[in-house]
Amino acid sequence: MRSEDLVSSFREIARAKDIDRDTLQIIVEDVFRAMLRKRYGSDEAFEIIFNPEQGDIQILHIQEVVGDWDLVDPVTEIPLSGARTIDEGFEVGDEVASELDIADFGRRAVMTARQTFRQRIRDIEKEHVYEKYTELIGDIVVGEIHQVRRHETLLMHEDTELVLPKSEQISGDHYRKGNMLRTVVKEVRRDAGSDPQVVVSRTSPVFMERLFEVEVPEVYDGLVEIKKVARIPGDRAKVAVTSHDEKVDPVGACVGVKGVRINAVVRELSNENIDVMEWSDDPEELIARALSPAEPTSVTLNEDADPPRARVEVVADEVSQAIGKRGVNIKLASRLTGFEIDVYREIPADEEDIDIEQFGDELSQETIEKLKHIGCDTGKAVLELSADALSRRADLDRETAERVLDIIETEFEKGPGIIESIRHGRFTVESVVEPEADGATPAEASPTEPMEDSGSTVEEQSEEPTQESESEGPGDDPSDQESPADTADVESETPDSADQDDESTVEDDGSLETAPSPADEDADSPDSDPVPEETEVKS
């Protein structure tokens, strides 16, 4: 093969691969030097002159003239007798340049040169692809779906194959060969000896940012800045934006008139719900906005924790909104703010709760400290969490977490006892004095029966004698005339008796002590008749 034909084939390959002139010249020289090294063992004594415009190439072999008996390296040296066959004027120490013919290398060497040239072109292409798409990382590219596989989808973009893995696809998307698809370049992988792999994504938060730049001119111009994006691809996303121009409303600019701008982004993302909120440098304000549509009543930060935590209280009706379906809302808010958020129901002032320290007799101090560390300082705050959440957040094993919940639930199911109810003013304990038909003294009266649940009265057991005395007419027995004891009974039930401290007092040990009434004092006197005592608990 002539040198002109070989160079012409090189030029055609370079033109098809869009290789510039300088690069082509470097490649051709490298290819021929590889041929020379293979044949002569070294290419130091050779000079290659290449003219890509005319397709001319010359290979000159430059040798130093030495004495006939001083020849050591036939590649770099030529004997004086051999040099004078070329020109009689050569002397020892001169340089002789002789041109080599490509045909002298043989057909196999020429084919090897062409393969080497193609390989060098491929290497250059790989380098160009790597450099090109490395600069495009984070930018949107539109490619044609070339092949749909089980774990990935291949796209073609300017004769370059792009890979869209299954993990970077929005759930619910369906791809067909030949359709155009918009993606963002996520990374470029390059392994030794293999082609660079361009990985694109549709689930990256950067993809949503670039879509807003396309649809919202204010974002593209820099008037509105997207501070952060949190996404659950195909489900929901939260976008925090801020404005660098006080005349521009960042949220309104992103939403557009009647939602035109944001609807274009939603359609591209397979109807993914997007919440646009205004950014705030105040973490508490940012957390409150991130939990929208819920409106927290208080936000308490614990920035010393790792990761930092935030305790958020909301009204009872908005707890489910703050957490969201499957915990999506609170998860996105945590990603957006950088705080792990714990949502608690706000406990009204009139609603009873129990401090977590009160469970010290049933829970270890270590467990109580762990609960307080995550903000669960009351019983109802613990009950807001499931066993799994409590185990994960408080670093407890599942069995311990379930036991903690059972103990606290049991305590709240018991409710306050009778003594606790009286102490909180739910019951009134009074002393009521009634006459006994048999004239028994107060010491002989039967003691008050133990009181049961709230609302029960002891009066039920002592009403029978009273009813019997009332059923007898005044004329049935002369002894039934009104006596001083009866007068004392009436006086004890009049409003004036309330001023005489007839109510019973409850001691700390739970015993019921009855204060003496005027009727009791009359009963103790020798002239008065015995009067029985009755204790009544009124709700």
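Scroll up to find the structure.
None of the values given here were measured: they were computed from a predicted structure. (Residues numbered from 1 in each chain as written. Predicted model: local features only at pLDDT ≥ 70, side-chain atom pairs only at ≥ 80, totals over all residues. Heavy atoms only, no water.)

**Looking at the overall build of the chain**
Here is the rule: Working definition: helices are DSSP H or I runs of at least four residues, strands are E runs of at least two. Numbering for both runs from the N terminus. Buried residues are those whose accessible area, probed at 1.4 Å on protein chains only, stays under 20% of the maximum for their type, while exposed residues exceed 50% and partly exposed ones sit between those limits. Only heavy atoms enter the contact rule, under which two residues are in contact if any of them lie within 4.5 Å. Using the Shrake-Rupley algorithm and a 1.4 Å probe, accessible areas are obtained, with residue cover drawn only from the displayed protein chains.
A count of helical and extended segments in the chain gives 19 helices and 19 strands. Burial statistics for the chain: of 539 residues in total, 38% are counted as buried. Put simply, of all contacts in the chain between residues at least 6 apart along the chain, 59% involve residues at least 24 apart. Surface accessibility of the chain: about 31200 Å² in total, with carbon and sulfur atoms responsible for 44%.

**Quick look at the packing of helix H2 (residues 21–40) against helix H4 (residues 107–135)**
Stated formally: Here an angle of 0 to 180 degrees is reported between the N-to-C directions of two axes, which are lines fitted to C-alpha atoms, with helices fitted over the stretch in contact. Should an angle fall under 35 degrees it is called roughly parallel, over 145 degrees roughly antiparallel, and 65 to 115 degrees roughly perpendicular, with every other angle called oblique. Whether a crossing is left-handed or right-handed is set by the direction in which the near helix is turned from the far one by less than a right angle, anticlockwise for left-handed and clockwise for right-handed. Lys, Arg, Asp and Glu make up the charged group, whereas Ala, Val, Leu, Ile, Met, Phe, Trp, Tyr, Cys and Pro make up the nonpolar group; the residues left over, Gly among them, are polar.
Where H2 contacts H4, the axes come no closer than 9 Å and their chain directions differ by 140°. With respect to H4, the element H2 is oriented oblique. Here H2 and H4 pass one another in a crossing that is right-handed. Counting all contacts with H2, which are made through Thr23, Leu24, Ile27, Val28, Asp30, Val31, Met35 and Lys38, the residues of H4 involved are Ala109, Thr112, Ala113, Thr116, Phe117, Arg120, Ile121 and Ile124. Tallied by class, residues from the contact of H2 with H4 come to 10 nonpolar, 3 polar and 3 charged.

**Thoughts on the packing of aromatic side chains**
Here is the rule we go by: Two aromatic rings, drawn from Phe, Tyr or Trp (for Trp, its six-membered ring), form a pair once their centres lie within 6.5 Å of each other, and the interplanar angle then sorts them: stacked below 30 degrees, edge-to-face above 60, tilted otherwise. Lysine NZ or arginine CZ positioned within 6 Å of the ring centre and within 35 degrees of the ring normal marks a charge as sitting over the ring.
By the definition in use, this model includes 1 aromatic pair. Between Tyr40 and Phe46, the aromatic rings sit 4.8 Å apart at their centres with planes inclined by 40°, giving tilted as the arrangement. When the ring centre of Tyr130 is taken as reference, the NZ or CZ atom of Arg190 above it lies at 3.9 Å. Positioned over the ring face of Tyr344 is Arg311, at 4.0 Å from the centre of the ring.

**Details of the sheet that holds strand E7 (residues 160–165)**
How we decide: Strands pair, by our definition, only if DSSP identifies at least two bridges between them.
Pairing is mixed in the closed barrel, where 5 strands are placed in the order E5-E6-E7-E9-E8. Across the sheet, the mean angle separating the axes of adjacent strands is 55° when strand polarity is ignored. Inspection of the sheet shows E7 paired to strand E9 (residues 197–201) by 2 bridges, in the parallel sense. Looking at the pairing, Val163 lines up with Val199 of E9. On the sheet, H4 packs against strand E6 (152–157), E7, strand E8 (180–189) and E9 and is oriented at approximately 110° with respect to E8.

**A closer look at the sheet that holds strand E14 (residues 309–314)**
Whenever strands of a sheet pair, they do so through backbone hydrogen bonds, lying parallel or antiparallel. The strand order across the open sheet built from 3 strands is E13-E14-E15, with neighbouring strands paired in mixed fashion. Either end of the sheet is taken by a strand with one partner, and the two such strands are strand E13 (298–302) and strand E15 (340–345). Each adjacent strand pair in this sheet contributes to an overall mean axis angle of 20°, direction not counted. By the bridge criterion, 5 bridges tie E13 to E14 in an arrangement that is antiparallel. Looking across to E14, one finds that Ser298 is bridged to Glu313. Packing of helix H9 (residues 283–290) onto the sheet brings it into contact with E13, E14 and E15, and relative to E13 it is tilted by some 125°.

**Let's talk about H9**
Basically, it comes down to this: By arc we mean the arc of the directions from the helix axis to the C-beta atoms, nothing more.
All of the buried residues along H9 are Leu286, Ile287 and Ala290. For H9, the buried positions fall inside an angular range of 100° around the axis, keeping them on one side. Against the buried residues of H9 lie strand E11 (236–243), strand E12 (273–278), E13, E14, helix H11 (328–337) and E15.

**Observations concerning a negative patch on the surface**
The criterion, for reference: Patch membership needs two things, relative accessible area over 30% and no salt bridge, and members are linked within 9 Å if like-charged or within 5 Å if nonpolar (Val, Leu, Ile, Met, Phe, Trp, Tyr). The salt bridge criterion pairs a side-chain nitrogen of Lys or Arg with a carboxyl oxygen of Asp or Glu, the two atoms within 4 Å. Positive: Lys, Arg. Negative: Asp, Glu. His and the chain ends are not part of the count. For this purpose, a charge sits on NZ of Lys, CZ of Arg, CG of Asp or CD of Glu.
Together, Asp281, Asp282, Glu284, Glu303 and Asp304 make up a region of like negative charge exposed at the surface. On the secondary structure map, Glu303 appears in the loop between E13 and E14. By relative accessible area, which is 52% here, Glu303 ends up exposed.

**Regarding the environment of Val163**
Position of Val163 relative to the elements: it lies in strand E7. Separated by 16 residues in sequence, Val163 and Gln147 have C-alpha atoms that sit 9.9 Å apart. The contacts of Val163, once residues within four sequence positions are left out, are Glu152, Thr153, Leu154, Gln197, Val198, Val199 and Val200.

**Focus on helix H8 (residues 260–268)**
Those residues of H8 not exposed but buried are Ile262, Ala264, Val265 and Val266. Residues of H8 that are buried in the fold lie against helix H5 (205–215), helix H7 (250–255) and E12. Count one or two residues on from H8 and you reach Ser270, which has phi positive near 60°.

**Brief notes about the packing of H5 against H8**
Closest axis-to-axis distance for the H5/H8 pair is 10 Å, and the angle between their directions is 140°. Considered as vectors, H5 and H8 are oriented oblique to each other. Remark: the crossing between H5 and H8 carries right-handed chirality. Each of Phe207, Leu211, Phe212 and Glu215 in H5 lies in contact with H8, whose residues at this interface are Arg261, Ile262, Ala264, Val265 and Glu268.

**Description of the pairing of E7**
In terms of burial, E7 is a largely internal element, 5 of the 6 residues being buried. Here 6 bridges tie E6 to E7, and the two strands are oriented antiparallel to one another. Note that in E7 the partner of Met156 across the bridge is Glu161. Here E6 folds back onto E7, and the loop between the two strands holds 2 residues, one of which, Glu158, carries a positive phi near 55°.

**Digging into the nonpolar core**
Operational definition: The term nonpolar core refers to a set of buried residues drawn from Ala, Val, Leu, Ile, Met, Phe, Trp, Tyr and Cys, joined through side-chain atoms within 4.5 Å.
Counting residues in hydrophobic clusters, the biggest one holds 25 residues, and the most contacted among them are Val28, Phe32 and Phe117. Listed by contribution, the elements that provide at least two residues to this core are helix H1 (3–16), H2, strand E1 (46–51), strand E2 (56–66) and H4. The dominant element in this core, judged by the number of residues it contributes, is H2, at 7 residues.

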